[in-house]
Amino acid sequence: METIPFTVPDITVRKNVGLDHAVDFTLPQPLARYSAEDHQTWATLYRRQCEMLPGRVCDEFLAGLEALAIDADRVPDFARLNLKLAAATGWQIVAVPGLIPDEVFFEHLANRRFPVTWWLREPQQLDYLQEPDVFHDLFGHVPLLMNPVFADYLQAYGLGGMKAKDLGALPLLARLYWYTVEFGLIDTPQGLRIYGAGIVSSKSESVYCLDSDSPNRIGFDLLRIMNTRYRIDTFQKTYFVIDSFQQLFDATAPDFTAYYRQLQGVAAHGAGDVLPQDRVFHRGSRAGWAETDDI
C-alpha cells in the first residue's frame, strides 16, 4: 500500500502559530489562548447539543457527561477532567495541535491516552468544520471513555492500529473506527441511539441519523464494515448499529491478521450498498444522496 504523506491542515497551522509540540505531538493545553469569543462559542455548542441529545444519545454517553461535569460555559481544563478519567478507567486526555499522524494516534490510544485538539472552531463554523476541534474531540469522544467497556475497546483499537500499519491494512481498520467510534448507533430497549462522536457533536447529523428516511441502518458486522467505504463530505449513507459495547469489545479481541488476508483484493462495498446478508433495521430511500465518490 502506498503511504500518503501526512499534511498539516492550514487551519491547524494558523491556530498553532508560536506553539511547539513534543515528538508525540502533545503540548501543554494553552489555556491563556482561549478568548472570550472561544468560551462563548463553546457555551453555544454545548447548550444546543445538550438540549437535543436526550432521547437520541445512549445512556452511557449521558452518564459519562454527568460524571465528568464538563464545563458548560467555557472550554474545559483538561487537567481537571483527567483526575476523573484516571479514577474511572485509567484514561487521560492529551492536548495536540490538531490531526496527528496515524502511528502517533494509535500509540496514544494503545496507552490509554486520547488526543484532543486544543483549539476551537470559529463562530462562523458552528454547524460544520472538516477538521476535528476541541468540541468534537472532547464533547464527542471523552464522555464514553468513562465507560469501562468502551474504554477497553478504544485501547484495543489502538493496539490493533499499530499492527495494521505494519501489515498495510490501515484503510480496513479506518473504516471500523469511522463506522463505530465516529458514526455508530446502538440498539437499546428504547430504540436506536447515538454513540458515535461525529454524530454526537453535530446538531444536524444528530437529527438526520435517526429521523431521516434517507440513510440505511444496518446491524453491526465486523468484516462487512471493514470492507465498506464511507463519506467525509456529506451525511453518511449508512449507519451501522451495535447491540452493545460488549459486542464491540468482543469483535476487537481476535487477531485481525486473518481478516486482513481474507479481505485482501476483495472489492469494497459502496457506502450506500445493502447486501442480501445484512440485518437491516431500515433500508434508506436514498433521497438527497450526493453523487461524489465514497472514501
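Residues numbered from 1 in each chain as written. Predicted model: local features only at pLDDT ≥ 70, side-chain atom pairs only at ≥ 80, totals over all residues. Heavy atoms only, no water.

As annotated in an unreviewed UniProt entry, the protein chain is Phenylalanine-4-hydroxylase from Vogesella alkaliphila. Quoted straight from UniProt, the Catalytic activity (unreviewed entry) entry for the protein chain says "(6R)-L-erythro-5,6,7,8-tetrahydrobiopterin + L-phenylalanine + O2 = (4aS,6R)-4a-hydroxy-L-erythro-5,6,7,8-tetrahydrobiopterin + L-tyrosine". Taken from UniProt, the Sequence similarities (unreviewed entry) comment for the protein chain reads in full: "Belongs to the biopterin-dependent aromatic amino acid hydroxylase family." (UniProt positions renumbered as here; feature names shortened; annotations may be inferred.)

Trainee: Sorry if this is basic, but what is going on with the pattern of salt bridges here?
Mentor: One side chain can pair with another of opposite charge once the charged atoms of both are near each other. By the definition in use, this model includes 13 salt bridges. The partner of Asp 278 in a salt bridge is Arg 224, with the nearest N and O atoms 2.9 Å apart. Here Asp 278, found in the loop between helix 13 (257-263) and strand 7 (280-282), pairs with Arg 224, found in helix 11 (residues 222-226); they are 54 residues apart in sequence, far enough to count as distant. Each of the two residues, Asp 278 as well as Arg 224, counts as buried. Beyond isolated ion pairs, a larger network of salt bridges with shared partners links Arg 231, Asp 233, Lys 237 and Asp 294. (Salt bridge = Lys/Arg side-chain N within 4 Å of Asp/Glu carboxyl O. Helix = DSSP H or I, 4+ residues; strand = E, 2+ residues; numbered from the N terminus. Buried < 20%, exposed > 50% of the residue type's maximum accessible area, 1.4 Å probe, protein only.)

Trainee: Mind showing me how you'd approach the side chain of Arg 48 here?
Mentor: In this structure, Arg 48 sits in helix 2 (residues 36-52). If we skip the residues at most four places from it in the chain, Arg 48 touches Leu 126, Asp 127 and Lys 203. (Contact = heavy atoms within 4.5 Å.)

Trainee: Where do I start with empty space enclosed by the protein in this structure?
Mentor: Empty pockets left among the atoms are what a rolling probe the size of a water molecule brings to light. This structure, assessed with the given rule, holds 1 cavity of 30 Å³ or more. Taken as a whole, the largest cavity spans an internal volume of roughly 40 Å³. Lining the largest cavity are Gly 140, His 141, Leu 144, Phe 150, Leu 154, Val 181, Tyr 195 and Ala 197. If you list the elements that add at least two residues to the lining of the largest cavity, you get helix 6 (134-141) and helix 7 (148-167). Along the lines of polarity and charge, the residues of the lining of the largest cavity split into 6 nonpolar, 2 polar and no charged. (1 Å grid on protein atoms, 1.4 Å probe; cavity = no way out; pocket = protein on both sides within 12 Å on 5 of 7 lines; lining within 4 Å. Points joined across faces, edges and corners; volume = space filled by probe spheres on them. Nonpolar A, V, L, I, M, F, W, Y, C, P; charged D, E, K, R; others polar.)

Trainee: Help me understand the pairing of strand 6 (residues 238-242) in this model?
Mentor: A regular strand carries its side chains on alternate faces of the sheet. Counting buried positions along strand 6 gives 5 out of 5 residues, so the element sits mostly inside the fold. On strand 6, burial covers both faces: Thr 238, Phe 240 and Ile 242 on one face and Tyr 239 and Val 241 on the other are all buried. Summarising the sheet, strand 3 (residues 185-188) and strand 6 pair through 2 bridges and their orientation is parallel. Looking at the pairing, Ile 186 lines up with Ile 242 of strand 6. (Pairing = 2+ DSSP bridges.)

Trainee: What exactly am I supposed to notice about the layout of surface pockets here?
Mentor: Considering only enclosed or pocket space, the second largest pocket measures out at about 200 Å³ in volume. Taken together, 12 residues line the second largest pocket, and the ones lying closest to its centre are Leu 167, Gly 168, Ala 169, Tyr 260 and Gln 264. Those elements giving two or more residues to the lining of the second largest pocket turn out to be helix 8 (170-182) and helix 13. The residue makeup of the lining of the second largest pocket, split by class, is 7 nonpolar, 4 polar and 1 charged.

Trainee: I'm lost on the sheet that holds strand 4 (residues 191-194) in this one. Help?
Mentor: Two modes of strand pairing occur in sheets, parallel and antiparallel, and in both the strands are linked by backbone hydrogen bonds. If you trace the 5 strands from one edge of the open sheet to the other, you get 4-3-6-5-7, paired in mixed fashion. Whereas interior strands pair on both sides, the edge strands pair on one side only; in this sheet they are strand 4 and strand 7. Here the average twist between neighbouring strands, direction ignored, is 35°. Looking at chain direction, strand 3 and strand 4 are connected through 4 bridges and run antiparallel. From the neighbouring strand, Asp 187 faces strand 4, where its bridge partner is Leu 192. (Axes fitted to C-alpha atoms, helices over the stretch in contact; angles between N-to-C directions.)

Trainee: What am I meant to see in the packing of aromatic side chains here?
Mentor: Aromatic ring pairs: the centre-centre distance and the angle between the two ring planes describe each pair. In this structure the tally under the stated criterion is 23 aromatic pairs. For the ring pair Trp 178 and Tyr 230, a centre distance of 4.5 Å and an interplane angle of 20° mean the geometry is stacked. Within this pair, whereas Trp 178 is found in helix 8, its partner Tyr 230 is found in the loop between helix 11 and strand 6, the two being separated by 52 residues in sequence. Side by side, Trp 178 and Tyr 230 carry an identical accessibility label, which is buried. Both rings, one in Tyr 179 and one in Phe 240, keep their centres 4.9 Å apart while their planes meet at 80°; by these two values the pair is edge-to-face. With Tyr 179 in helix 8 and Phe 240 in strand 6, this pair connects stretches of sequence that are 61 residues apart. Across this residue pair, the class does not change: Tyr 179 and Phe 240 are buried. (Phe/Tyr/Trp six-rings, centres within 6.5 Å; stacked < 30°, edge-to-face > 60°.)

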